[in-house]
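One letter stands for each residue in the lines below.
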Amino acid sequence: MNETTNRRAAFNAAIEKELATGEFVFPTSMQAAVRVRRALDEPEASMVSVARIIGLEPVLSVKLLRMANSTFFNPQAVEVTDVQRALMRVGLNHARTLAIAVIGDQLATALEFAPVWRLAEQLWRHTLEVASLAYAVALQLDGAVRPDTALLAGMVHDIGQFYLLSRVHEFPELLEDDGELSELIVFWHKPVGQAVLRALGTPQMIVDALEMQEIYGPNWPPAGLADVLYLANTASPVPNPFSTVSLDMQMALRESAFEGVDANLVSRLLDEARVQRAAALAMLTA
């Protein structure tokens, strides 16, 4: 076995071992993590503003959903699939306790994550674009897909890639070869993302949608959450840093996905997405 093969085998073994534990704490955007911590420390923070801030941190979002859907908070087994309803169910005090634990652990691993912050921040910006577009598309569907659920699904659709990035510090040689790192992340991100979301107790409809998000009719209106994610991904102006799709192919996919859709509707979707994105970024820089 050559050096590259040995390195890949070691990385694969480490990922398989960690997936078996079922417990995950890792950073996505440190900018978002710090802002969440500050927002939850504000005594006058409203439920809506806190929900919006939490929604920008994928790991905290799905852990809040797991808490809200637990037997303690959900004895009647009525599942919630978005951050705001989860927050209303558990209350600000319980959310603060959860956030302190999750964000504290994330900040503790920040130094280990430092070598890949550039990639992580680009991936987070792509994630924000997809989430904003998913929300905008869902608004047009007359209740077929809850916009807040689409927003959450967009925020976690690449969560496996964030997890993999958080483990690269153990294999610094991978940072010397962008191609090798990208190949490993593309190979692993779907099964890892599925495992992470299941371990974090994410509602099954979101896990299922992420499994099918790369398949589309195309048709309008979208048939469900997976179609919404596909459209949002193809329309995102910020590429995934690990995407193997060329810019020309991305444009072709985008045109194909929206073929036959009224141009005015597409413009409204993009305008709504820009509003959502700007609001999210404004919260982070406030």
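Residues numbered from 1 in each chain as written. Predicted model: local features only at pLDDT ≥ 70, side-chain atom pairs only at ≥ 80, totals over all residues. Heavy atoms only, no water.

### Things to note about unusual backbone geometry
No. 1: Positive phi, normally seen in glycine, also occurs at Ala77, with a value near 60 degrees.
No. 2: Tracing the backbone through its elements, the reader meets Ala77 in the loop between helix H4 (58-68) and helix H5 (83-90).
No. 3: Overall, the relative accessible area of 63% leaves Ala77 in the exposed class. (Helix = DSSP H or I, 4+ residues; strand = E, 2+ residues; numbered from the N terminus. Buried < 20%, exposed > 50% of the residue type's maximum accessible area, 1.4 Å probe, protein only.)

### A word on the packing of H4 against helix H9 (residues 147-156)
No. 1: One can describe the packing of H4 onto H9 by two numbers: an axis separation of 9 Å at closest approach and a directional angle of 130 degrees. The orientation of H4 relative to H9 falls into the category oblique. H4 and H9 meet at a crossing whose hand is left-handed. In contact with Pro58, Ser61, Val62 and Leu65 of H4, H9 contributes Leu152, Met155 and Val156.
No. 2: Residues that form the contact of H4 with H9 fall into these classes: six nonpolar, one polar and no charged. (Axes fitted to C-alpha atoms, helices over the stretch in contact; angles between N-to-C directions. Parallel < 35°, antiparallel > 145°, perpendicular 65-115°, else oblique. Left-handed = near helix turned anticlockwise from the far one by under 90°. Contact = heavy atoms within 4.5 Å. Nonpolar A, V, L, I, M, F, W, Y, C, P; charged D, E, K, R; others polar.)

### As for empty space enclosed by the protein
No. 1: Summed over all chains, the structure comprises one cavity of 30 Å³ or more.
No. 2: If you go around the largest cavity, you meet 14 residues; those closest to its centre are His157, His189, Lys190, Gly193 and Gln213.
No. 3: Elements that contribute at least two residues to the lining of the largest cavity include exactly helix H10 (159-167) and helix H11 (178-199).
No. 4: The biggest single contributor to the lining of the largest cavity is H11, with five residues.
No. 5: Of the residues that constitute the lining of the largest cavity, the class distribution is four nonpolar, seven polar and three charged. (1 Å grid on protein atoms, 1.4 Å probe; cavity = no way out; pocket = protein on both sides within 12 Å on 5 of 7 lines; lining within 4 Å. Points joined across faces, edges and corners; volume = space filled by probe spheres on them.)

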